[in-house]
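# Architecture and fold: a report
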Amino acid sequence: MTTFVVDRSERGKLALTGAEAKDFLHGQVTNDIVALEPGHGAYAAFLTNKGKMLGDLRVFDLGDELLIDCERVALQALFNLLHRTQLGRDVELHKRTLQMALLSVIGPEAPVLTGPDEHDNARVELGGKTVVAVKTDLGVDLFCWAEDREAVRAALPFPDGDETQAEVVRVETGRPRYGVDLDDSVIPQEAGLNERAVSFTKGCYVGQETVARLYYRGKPNRRLLGVKLDEPAPSGSELRLGEKVVGKLGSVVVSPEHGPIGLALVRREANPGDTVQLDEASALIVDIPFAR
């Protein structure tokens, strides 16, 4: 895979400062934030009282602040939650969406600027500017002040890519995206997010009871799987096994290696190896990530 750069500055970005920032955010999201140390980070979700996802987010401990990144579609709900619940706490909430740019370097030649684990982060100099570098599963994300974006981009010796290329790689690796594959009808376990996004040893958070009960006492009715399509189909298309609707198509891309593929939340009646029908196509259900 060729290494390329995608400008993702439109993503939602916030920051929290103050002596109680970690403890405060810890009580609002699904993962363990209190345990974070500077230079490390975590992926998490924030939920309704019934355990349904209002959005997901990445949290990076920079030492003097917590930098938060999320899908733009989830930004307002996240801001509202944090703004509403910060009253009485030693916490200050900062808007960073327009103030900061984000450049994603995707591919095997992405520079090594942080520790080896996903979400590891460090402030580094690039193009004469200070950037927050974050290790991702596919390379490195670079957060910088908006006015420094051009200087930072000029320091990266890789061609411009686009979101379409990035989406192909994301779908191939089987990672769902909030607003496309996930919405407020989804419990994290259904999307296979428990291992990445949920701590079962931390204290209380909104929606914890439902998430814990499902984890310890039952199985979700749906799970995130891949589909190999015989031709591209619109996101949102129903998947039918016989006469029964067993899921809905989420992300859809055309992979150079696999052809038309997608992600879908599929009911347990359907399993890898089954062929499902769409309005004008058929698809083979497969495990994710897609084999490379």
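Not measured: the values here are computed from a predicted model.

The rules we used
Residues numbered from 1 in each chain as written. Predicted model: local features only at pLDDT ≥ 70, side-chain atom pairs only at ≥ 80, totals over all residues. Heavy atoms only, no water. Helix = DSSP H or I, 4+ residues; strand = E, 2+ residues; numbered from the N terminus. Rg over C-alpha atoms; globule rule 2.2 N^0.38 Å. Buried < 20%, exposed > 50% of the residue type's maximum accessible area, 1.4 Å probe, protein only. Contact = heavy atoms within 4.5 Å. Areas by Shrake-Rupley, 256 points an atom, 1.4 Å probe, with all protein chains shown as cover. Lys, Arg positive; Asp, Glu negative; His and termini not counted. Charge placed at Lys NZ, Arg CZ, Asp CG, Glu CD. UniProt positions renumbered as here; feature names shortened; annotations may be inferred. Core = buried A, V, L, I, M, F, W, Y, C linked by side-chain atoms within 4.5 Å. Pairing = 2+ DSSP bridges. Axes fitted to C-alpha atoms, helices over the stretch in contact; angles between N-to-C directions. Polar contact = N/O pair within 3.5 Å; in protein donor to acceptor, adjacent residues only side chain to side chain. Salt bridge = Lys/Arg side-chain N within 4 Å of Asp/Glu carboxyl O.

Here we take up the overall build of the protein. Counting secondary structure elements, the protein contains 6 helices and 16 strands. Since a compact globule built from 292 residues should have a radius of gyration of about 19 Å, the 20 Å found for the protein is in line with a globular shape. The proportion of buried residues among the 292 residues of the protein is 55%. Intrachain contacts of the protein at a sequence separation of at least 6 include 65% that bridge at least 24 residues. Surface summary for the protein: the accessible area is close to 13400 Å², and the carbon and sulfur share equals 49%. Each charge class in the protein was averaged separately, 34 positive and 45 negative side chains, and the resulting centres sit 5 Å apart.

It is worth spelling out the UniProt feature "domain: CAF17 C-terminal" (unreviewed entry) in the protein at this point. When the UniProt feature table is mapped onto this chain numbering, "domain: CAF17 C-terminal" (unreviewed entry) sits at residues 222-281. Helix makes up 0% of residues 222-281 and strand 60%, and the two end C-alpha atoms of the span are 22 Å apart.

A general feature of soluble globular proteins is that nonpolar side chains tend to end up buried together. Ranked by internal contacts, the top residues of the largest apolar core, which has 48 residues, are Leu-16, Leu-25 and Leu-57. If near-sequence neighbours (up to four positions away) are discounted, Leu-16 is found in contact with Ala-21, Phe-24, Leu-25, Glu-65, Leu-66, Ile-68, Val-91, Glu-92, Leu-93 and His-94.

The strand order 3-4-5-2-6 describes an open sheet built from 5 strands, whose pairing is antiparallel. The outermost strands of the open sheet, each flanked by one partner alone, are strand 3 (41-47) and strand 6 (92-95). Neighbouring strand axes in the sheet, compared pairwise and without regard to direction, differ in orientation by 25 degrees on average. Alignment of strand 2 (residues 12-17) against strand 6, held across 4 bridges, turns out to be antiparallel. Across the sheet, residue Leu-16 finds its bridge partner in strand 6, namely Leu-93. Strands in contact with helix 2 (residues 72-85) are strand 2, strand 3, strand 4 (53-61), strand 5 (66-70) and strand 6; relative to strand 2, the strand with the most contacts, it is inclined by about 25 degrees.

Moving on, we get to the UniProt feature "domain: GCVT N-terminal" (unreviewed entry) in the protein. In this structure's numbering, the residues bearing the UniProt feature "domain: GCVT N-terminal" (unreviewed entry) are residues 5-111. Each end of residues 5-111 is marked by a C-alpha atom, and these two atoms are 12 Å apart; helix forms 19% of the span and strand 38%.

Here we take up the environment of Val-34. Along the chain, Val-34 falls in the loop between helix 1 (21-26) and strand 3. Here the alpha-carbon distance between Val-34 and Ser-255, two residues 221 residues apart in the chain, equals 39 Å.

In this structure, Asp-23 sits in helix 1. Spatially, the C-alpha atoms of Asp-23 and Thr-130 are 28 Å apart, while their sequence positions differ by 107 residues. Among residues more than four places away in sequence, those in contact with Asp-23 are Val-34 and Arg-89. A distance of 2.7 Å separates the side chain of Asp-23 from the side chain of Arg-89, its partner in a polar contact.

For helix 4 (residues 163-172), a buried count of 7 out of 10 residues is recorded, marking the element as mostly surrounded by other parts of the structure. Where helix 4 is concerned, the buried positions are Ala-166, Glu-167, Val-168, Val-169, Arg-170, Val-171 and Glu-172. Buried residues along helix 4 sit in contact with strand 1 (4-7), strand 7 (100-106), strand 13 (244-255) and strand 14 (259-267). Once helix 4 finishes, Gly-174 follows within two positions and takes phi at roughly 80 degrees, a positive value.

Two side chains with opposite charge may pair up if their charged atoms get near one another. Applying the stated criterion across every chain, the model contains 26 salt bridges. The partner of Glu-65 in a salt bridge is Arg-96, with the nearest N and O atoms 2.9 Å apart. Taken together, the positions of Glu-65 in the loop between strand 4 and strand 5 and Arg-96 in the loop between strand 6 and strand 7 put the pair 31 residues apart, joining distant regions of the chain. By the burial criterion, Glu-65 is buried, and Arg-96 matches it. With a shortest N-O distance of 3.1 Å, Arg-177 and Glu-71 are connected by a salt bridge. Taken as a pair, Arg-177 in the loop between helix 4 and helix 5 (194-197) and Glu-71 in the loop between strand 5 and helix 2 lie far apart in primary sequence, 106 residues in all. For Arg-177, a relative accessible area of 18% corresponds to the buried category. Residues joined by salt bridges that share partners form a network here, namely Arg-8, Arg-11, Arg-58, Asp-69, Glu-71, Asp-141, Glu-163, Glu-167, Arg-170, Arg-177 and Asp-181.

Here we take up the side chain of Glu-190. Relative to the helices and strands, Glu-190 resides in the loop between helix 4 and helix 5. On the basis of relative accessible area, Glu-190 is assigned to the buried category, the value being 9%.

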